[in-house]
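Residue-level listing of the chains:
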Amino acid sequence: MEKETIHIKNMVCPRCIASVKDILHELNFSFARVELGEALLHETLSSEQRAALKDKLIRNGFELLEDKKDKIVEAIKTHIIQLIKNPLSDHSTKLSSYLSKELGYDYSHISSIFTASQGITIEKYVILQKIEYVKELLSYNELTLSEIADKMNYSSLAALSAQFKSVTGTTPSQYKSLSNPGRKSLDDLIS
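Below is a summary of the structure that appears in this document.

Thresholds applied
- Residues numbered from 1 in each chain as written.
- Predicted model: local features only at pLDDT ≥ 70, side-chain atom pairs only at ≥ 80, totals over all residues.
- Heavy atoms only, no water.
- Salt bridge = Lys/Arg side-chain N within 4 Å of Asp/Glu carboxyl O.
- Helix = DSSP H or I, 4+ residues; strand = E, 2+ residues; numbered from the N terminus.
- Buried < 20%, exposed > 50% of the residue type's maximum accessible area, 1.4 Å probe, protein only.
- Pairing = 2+ DSSP bridges.
- Axes fitted to C-alpha atoms, helices over the stretch in contact; angles between N-to-C directions.
- Expected span 1.5 Å × (residues − 1).
- Arc of directions from axis to C-beta.
- Polar contact = N/O pair within 3.5 Å; in protein donor to acceptor, adjacent residues only side chain to side chain.
- Lys, Arg positive; Asp, Glu negative; His and termini not counted.
- Contact = heavy atoms within 4.5 Å.

## Some thoughts on the pattern of salt bridges
Pairing between side chains of opposite charge can happen when their charged atoms approach one another.
Thinking step 1. Across all of its chains, the model carries eight salt bridges by this definition.
Thinking step 2. Across the salt bridge formed by Lys56 and Glu26, the nearest N and O atoms sit 2.6 Å from each other. Linking Lys56 in helix α2 (residues 47-59) with Glu26 in helix α1 (residues 14-26), this pair joins segments that are 30 residues apart in sequence.
Thinking step 3. For Lys56, a relative accessible area of 19% translates into the label buried.
Thinking step 4. Close ionic contact of Glu35 with Arg33 constitutes a salt bridge, the shortest N to O distance being 3.3 Å.
Thinking step 5. Classification of Arg33 as partly exposed rests on a relative accessible area of 32%.
Thinking step 6. Here the salt bridges share partners, and the residues they tie into one network are Arg33, Glu35 and Glu38.

Structural data, given as structure tokens:
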């Protein structure tokens, strides 16, 4: 039997991986691995199996990607989220170089596909993701603002505060003091 890699939209965390594994088990699909954004199945799906999988994925907030450009966009998002949560130890590596290497395409190509699909640049998407992660870290109340700025590779606390305010309209300190601060799901940032 021939293996098939399927690409899945909206997989942003370990719980998403577990949910997709559950869906595949429910449908009795044998798989080798499930990672953010994709699953390697032990066999090629029939059209009926693909339709059943699409339906289950949609009901659980995911989407089966079949268009090559959609797959590239989702791969970009997955790599950016992973990079923000687990930064490279080599801070000199540029995002454009990293994405080009990981995806195997010229950066101008993936950048134009992303912008056409999402309506914002990759750089703006990175900023939105970073600010959502800063909000998450603030909600845990475990790190100081300076520690968060350092963890997120900002040059200073002032740089973090300025970017946070430009995106949210409030400073990190003001945000932290809100009784019900608005956080967005990672897959709703540009919807």
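## Considering the pairing of strand β3 (residues 38-41)
Thinking step 1. What you see with β3 is no split at all: Glu38 and Leu40 on one side and Ala39 and Leu41 on the other are buried throughout.
Thinking step 2. When strand β1 (residues 4-9) meets β3, the two strands line up antiparallel, connected through four bridges. Each residue of the ladder has a partner; that of His7, found in β3, is Glu38.
Thinking step 3. In the sheet, strand β2 (residues 31-35) pairs with β3 via four bridges, with the strands oriented antiparallel. Of the residues in β3, the one forming a bridge with Phe31 is Leu41.

## Section: the sheet that holds β2
Thinking step 1. Strand order in the open sheet made by the four strands is β2-β3-β1-β4, with antiparallel pairing throughout. The two strands at the open ends of the sheet, each matched to only one other strand, are β2 and β4 (63-65). On average, each strand axis in the sheet is inclined to that of its neighbour by 25°, with strand direction left out of account.
Thinking step 2. Direction of pairing for β1 relative to β4: antiparallel, over a ladder of three bridges. Bridging across to β4, Lys9 finds its partner in Glu63.

## Here's the deal with α2
Each α-helix winds once per 3.6 residues, and so residues spaced three or four apart point in a common direction.
Thinking step 1. Taking 1.5 Å of rise per residue, the 13 residues of α2 would be expected to cover 18 Å, and the 18 Å separating its terminal C-alpha atoms lies within 8% of that figure.
Thinking step 2. For α2, the full list of buried residues reads Arg50, Leu53, Lys56 and Leu57. Down the axis of α2, the smallest arc covering the buried residues is 130°, so these residues share one side. Exposed side of α2, more than 90 degrees from the buried face: Ser47, Glu48, Ile58 and Arg59 are the residues found there.

## With respect to the side chain of Glu136
Thinking step 1. In this fold, Glu136 is placed in helix α6 (residues 122-140).
Thinking step 2. With relative accessibility at 14%, the residue Glu136 sits in the buried group.
Thinking step 3. At a separation of 2.5 Å, a polar atom in the side chain of Glu136 contacts the side chain of Tyr140.

## With respect to the side chain of Lys130
Thinking step 1. Note on placement: Lys130 falls in helix α6.
Thinking step 2. The buried charged residue Lys130 lacks any salt bridge partner; its closest oppositely charged side chain belongs to Asp150, at an N-O distance of 11 Å.
Thinking step 3. Not counting residues within four places of it along the chain, the set of residues in contact with Lys130 comprises Ile84, Met152 and Tyr154.

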